[in-house]
Every structure is written in C-alpha cells, then in structure tokens.
Amino acid sequence: MGKIIAVTNQKGGVGKTTTAVNTAAGVAKLGYKVLLIDIDPQGNATSGVGVDKRTVKYSAYSIMIDDIQTADAVIHTSFVNLDIVPSSIDLAAAEIELSDSEHRESKLKDSIASIKSDYDYIFIDCPPSLGLITTNALCAADTILVPIQPEYYALEGLSQLIATVRLIKRKYNPYLEIEGVLLTMYDGRLNLTQQVVQEVKKFFPKKVFSSVIPRGVRLSEAPSFGMPIMYFDKSCKGSIAYMELAKEIIENNK
C-alpha cells in the first residue's frame, strides 16, 4: 500500500516543486515504485519530468473534477520506476468548481484510492496556497513534507500551515502527520541561516531532516531540460543531497 506524502508550503519560492520532483525521482531510483501527482496549476513538476502539459489527455483536473479513473491519467516517464499524473491549466479553475461539490475536500483521496496499492510511495506537489486543492492533498496524504528556505520570513507562514494541518486532522484526516521539514537553498556560512535552523528545530522538534539542500546552479538548470537532478548531473551537490534525502525518507519509513 503506497504511502502518500504531500509536499507543501503556502510560501512560494522555497523549492517545493524542485523537492517534489527530485525526492520522487530519488526514491524511485532506489528501487521503489513511485507516483508523482502534480496538482499545482503551474504544472512545473509535470514539465520537470519531461512531460508537455499541453499535450496530455487527462490530468489531475480530470480525476478530481471529471471523475476520470486515475489509472487513465497516469503517464510513465522516461525515468526508472517514476510515473506522473500531470497538471493542466484547467486546475486554476478547480478551486471554484470544487466549492460547489459534495465532499469537495476528499475528491483527490477518493480518486487515488484505486491505484494506491500499485505504488510504494505517492508524492503530491501542491500549489503555493492553502486553498481547496491543497486541502484535497492534505486529506489524501499520510504525511506532509515541508520545504523551508532558511531566511528571515521562513517562519512567518509556518504557524498558518500548522493551524491548517490541525484543522484537517480534526475535521477530515485524523492520521495526518509531518513527514519532515526540509531546509532548502541552504548556505551554512550565513549567520542568519544558523539562527533560522535553530528556530525551525524548536518549532519542529525531531522533525527536521538531517539532509539539507544547498543552493546550486545545476538544480536550477535541470527543470528546463525536463530532468530530475540525479539524471541531469548525478555528481553535483544538489543531486547528492536529494539522494541522501530519499534514503532518509526510506529509512524513516521502514
């Protein structure tokens, strides 16, 4: 039965999609069957694994709004053990369409129930907001992975995210937990970085991954080639860091 991990942070620009793509690809490269679900209307995770979102027949929108079977929306990528349910621009309207639906918060959960047992891990790339689409991800997920950039504003949105998680736990998904907090765009030479890391560890005791993701040009370049970093440049620091994170997640879930 696949474990579902939602990669979420309502603050943009923290490396959320980079983390979703490369963690999913890293876990898959280690021999596990992985599905990546892109529910961000921007569709960057979709293009990040080499899929042209303009040409897909079915998408995450199709399974949440049109009741298309999830298996019909799955695309096999060219990367080992990695499948994707792509995004589409239609997802931008899904918030409005979902608002009138019955059981609107569990559309994604119901949709992926039929394929959950086909995968070891399912990663969901969420939009940078706490709207209905993200609520669907949190209702479907077993855990959330929270990427945080160690900067001055990093902690501002965390209390809101934690409040949302508590609300989801109380109302819809009592089993939702935090998989871990991931420090991205990390530069250990900066005093501010160290201060933020200490604050994050106070905020999330025992939940901060020991793996950290450094800043890197290669990490920024890989999406434009439609490749996860470990296929684009397996020897760069970003690739090594995401492979370490993948191993850490697998170890934590044994």
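Refer to the structure presented above.
Here the structure is a predicted model, which is why all the values come from computation and not from measurement. (Residues numbered from 1 in each chain as written. Predicted model: local features only at pLDDT ≥ 70, side-chain atom pairs only at ≥ 80, totals over all residues. Heavy atoms only, no water.)

### Things to note about the sheet that holds strand β5 (residues 121-125)
No. 1: Within the open sheet, the eight strands sit side by side as β3-β4-β2-β5-β1-β6-β7-β8. Their pairing is mixed. Of all strands in the sheet, those with a lone pairing partner are β3 (75-76) and β8 (208-214), marking the two edges.
No. 2: Of the pairings in the sheet, the one linking strand β2 (residues 34-38) to β5 comprises five bridges and is parallel in character. For D38, the partnering residue across the bridge sits in β5 and is D125.
No. 3: Here helix α9 (residues 191-203) sits on the sheet in contact with β6 (143-148), β7 (177-186) and β8, set at roughly 180 degrees to β7. (Pairing = 2+ DSSP bridges. Helix = DSSP H or I, 4+ residues; strand = E, 2+ residues; numbered from the N terminus. Contact = heavy atoms within 4.5 Å. Axes fitted to C-alpha atoms, helices over the stretch in contact; angles between N-to-C directions.)

### Quick notes on the environment of E221
No. 1: Position of E221 relative to the elements: it lies in helix α10 (residues 217-221).
No. 2: We classify E221 as partly exposed; its relative accessible area is 27%.
No. 3: For E221, the side chain forms a polar contact with the side chain of R218, separated by 2.7 Å. (Buried < 20%, exposed > 50% of the residue type's maximum accessible area, 1.4 Å probe, protein only. Polar contact = N/O pair within 3.5 Å; in protein donor to acceptor, adjacent residues only side chain to side chain.)

### Considerations on a negative patch on the surface
No. 1: Taken together, D66, D67, D90 and E97 make up a surface patch of like negative charges.
No. 2: Topologically, D90 is positioned in the loop between β4 (82-85) and α5 (94-99).
No. 3: With relative accessibility at 40%, the residue D90 sits in the partly exposed group. (Patch = residues over 30% accessible without salt bridge, like charges linked within 9 Å, V, L, I, M, F, W, Y side chains within 5 Å. Areas by Shrake-Rupley, 256 points an atom, 1.4 Å probe, with all protein chains shown as cover. Salt bridge = Lys/Arg side-chain N within 4 Å of Asp/Glu carboxyl O. Lys, Arg positive; Asp, Glu negative; His and termini not counted. Charge placed at Lys NZ, Arg CZ, Asp CG, Glu CD.)

### Here's the deal with the side chain of E248
No. 1: Tracing the backbone through its elements, the reader meets E248 in helix α12 (residues 237-252).
No. 2: When neighbours within four sequence positions are excluded, E248 is seen to be in contact with F209, S210 and S211.

### Re α9
No. 1: Spanning 13 residues, α9 covers 19 Å between terminal C-alpha atoms, matching the ideal 18 Å at 1.5 Å per step.
No. 2: Here α9 has its buried residues at T193, V196, V197 and V200. The buried residues of α9 occupy one face: seen down the axis, they fall within an arc of 105 degrees. Away from its buried face, by an angle of more than 90 degrees, α9 presents the exposed residues N191 and K202. (Expected span 1.5 Å × (residues − 1). Arc of directions from axis to C-beta.)

### Remarks on the packing of aromatic side chains
No. 1: What the rule picks out here adds up to five aromatic pairs.
No. 2: A ring pair is formed by Y121 and F123, whose centres lie 6.2 Å apart and whose planes are at 20 degrees; its orientation type is stacked.
No. 3: The exposure class assigned to Y121 is buried, which follows from its relative accessible area of 6%.
No. 4: By the ring-pair criterion, three or more aromatic residues cluster together here, those being Y32, Y121 and F123.
No. 5: Over the ring of Y231 we find K29, and its NZ or CZ is 5.6 Å from the ring centre. (Phe/Tyr/Trp six-rings, centres within 6.5 Å; stacked < 30°, edge-to-face > 60°. Lys NZ or Arg CZ within 6 Å of the ring centre and 35° of its normal.)

### Some remarks on the nonpolar core
No. 1: In this structure, I39, L108 and I124 are the most contacted members of the largest nonpolar core, which totals 47 residues.
No. 2: What I124 contacts, discounting residues up to four positions off in sequence, is I4, I5, A6, V7, I37, I39, L108 and A137. (Core = buried A, V, L, I, M, F, W, Y, C linked by side-chain atoms within 4.5 Å.)

### Brief notes about the packing of helix α1 (residues 16-29) against α12
No. 1: Running from N to C, α1 and α12 cross one another at 65 degrees; their axes reach a closest spacing of 8 Å. Comparing their axes, α12 and α1 come out roughly perpendicular. The way α1 lies across α12 gives a crossing that is right-handed. Seen from α1, the contacting residues are T18, T19, N22, T23, G26, V27 and K29; seen from α12, they are Y242, M243, L245, A246, I249 and I250.
No. 2: Split by residue class, the contact of α1 with α12 holds seven nonpolar, five polar and one charged. (Parallel < 35°, antiparallel > 145°, perpendicular 65-115°, else oblique. Left-handed = near helix turned anticlockwise from the far one by under 90°. Nonpolar A, V, L, I, M, F, W, Y, C, P; charged D, E, K, R; others polar.)

Read these as geometric descriptors, not functional statements.
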